[in-house]
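Chain by chain, the residues:
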Amino acid sequence: MAKNIFVGEIIKNEEIRPDYFLMKVRLPHSFDHPRPGQFVMIRIAGLAEPFLGRPISIYSYHLRKSSGEIELLYRVVGKGTQILAGLISGSQVEVHGPLGGSYSLSPEKENIVLIAGGIGVAPLSLLAQYLCKNTSAATSRLSFYLGAQTAKEIVGLDKLSKLCYKMKICTDDGSRGRKLLVTEAFQEDILKYDPADTAVYACGPRGMIKALAGILSPGKFFCQVSLEERMACGTGACMGCAVAVKGGSGDVVYKRVCSDGPVFNLEDIVWE
Ligand SMILES: Cc1cc2nc3c(=O)[nH]c(=O)nc-3n(C[C@H](O)[C@H](O)[C@H](O)COP(=O)(O)OP(=O)(O)OC[C@H]3O[C@@H](n4cnc5c(N)ncnc54)[C@H](O)[C@@H]3O)c2cc1C
Ligand code: FES
């Protein structure tokens, strides 16, 4: 077994909203301390179907005396997540990770702006926790823009509202917060942020990230995004998650979201 594949025990797997689950998994102490933006590939231990794990961001992490605990916030969309949703406390899962790279922290910037679409809230929550706990970035410097299709898809607010001074919530249908796209909500405020003194971090559907690229002039703001491409192996072996990015000499190269990402500089992504 690879060094970073672990068998974990589910401590909790609770439906917090229809189709949204919060899973807590106890892992051996040797599970590496995850950094914000990293994810795990998770599957049921010993079960052949589905053979491939599913990538889920690490939502929170706690180091206990003799173990580590991760929380995963996930939405049921298909077979793999449906199977995860059916697991009860005490079930064993195979957890591969932490995988991928993390957001580069810029705690020295005066403004830290987090922009999440839907379940993209998960890695950004870990980032907010991390910044508040391990750096000089105070809660008062964190602004969170959270958008979703409807109120039903707004999750993770309990944790975030304790961490972020300013929260803006919007939904496509206006059922919670303002009836606006989350990128439009950010655009309304953009002049309040000095580009030289602001770090923007985002995670959400491809359309949201592309819209953000249209708003932020290249090179002006420091902006990193986590991509949620579909994955197969999750370890860099199959190229199934390749995305086009700018190469060093202005050419287009393909990078793997699982091993080269999932975090990329927004200005490096090539929109085909
Ligand atoms: C780095 C990374 C981190 C992620 N973190 C989270 C997380 O924290 N919480 C969470 O709920 N999900 C997260 N995802 C997405 C999650 O991995 C997929 O929803 C999951 O793999 C779907 O598996 P499934 O078997 O249930 O669905 P499938 O049967 O594989 O697919 C069902 C439907 O969902 C669509 N779909 C599947 N995967 C994706 C995807 N990556 N993006 C958009 N549509 C997709 C398919 O096109 C299909 O329509 C993350 C993905 C990546 C790459
Ligand atoms: S999923 Fe196989 S290379 Fe990324």
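Everything here concerns the structure above.
Residues numbered from 1 in each chain as written. Chains lettered and ligands numbered in written order. Predicted model: local features only at pLDDT ≥ 70, side-chain atom pairs only at ≥ 80, totals over all residues.

Caption draft 1: Broad picture of the site of ligand 1. Close to ligand 1 lie 21 residues; S57, Y74, G78, G80 and T81 are nearest. For the shell around ligand 1, the secondary-structure elements that each account for two or more residues are β4 (54-57), β6 (67-75) and α1 (79-85). With four residues, the top contributor of residues to the shell around ligand 1 is β4. For the shell around ligand 1, the class distribution of residues is eleven nonpolar, four polar and six charged. (Near = placed C-beta within 6 Å. Helix = DSSP H or I, 4+ residues; strand = E, 2+ residues; numbered from the N terminus. Nonpolar A, V, L, I, M, F, W, Y, C, P; charged D, E, K, R; others polar.)

Caption draft 2: The arrangement of the pairing of strand β9 (residues 142-148) in detail. With seven of seven residues buried, β9 is to be regarded as a mostly interior element. Where strand β8 (residues 111-117) meets β9, six bridges bridge the pair, whose relative direction is parallel. Across the sheet, residue I115 finds its bridge partner in β9, namely Y145. Sheet analysis places β9 next to strand β10 (residues 166-171), joined by six bridges and oriented parallel. Among the inter-strand pairings, Y145 is bridged to a residue of β10, identified as K168. Regarding topology, helix α3 (residues 157-163) serves as the crossover connection from β9 to the parallel β10, and that connection is right-handed. (Buried ≥ 20, exposed ≤ 12 C-beta atoms within 10 Å, placed from the backbone. Pairing = 2+ DSSP bridges. Right-handed = clockwise from strand over helix to strand, strands pointing away.)

Caption draft 3: Here's a closer look at unusual backbone geometry. The amide bond that connects G97 to the next residue, P98, takes the cis arrangement and shows omega of -5 degrees. Note on placement: P98 falls in strand β7 (residues 92-99). G261 connects to P262 through a cis peptide bond whose omega is 0 degrees. Checked against the element boundaries, P262 lands in the loop between β15 (252-256) and β16 (263-265). Positive phi, close to 75 degrees, is recorded for D19, a residue that is not glycine. The residue D19 is located in the loop between β1 (5-17) and β2 (20-28) in this model. Residue D19 is classed as partly exposed on the basis of its C-beta count, with 15 C-beta atoms lying within 10 Å. One non-glycine residue with positive phi stands out, namely M239, at about 65 degrees. Note that M239 resides in the loop between β13 (222-226) and β14 (242-246).

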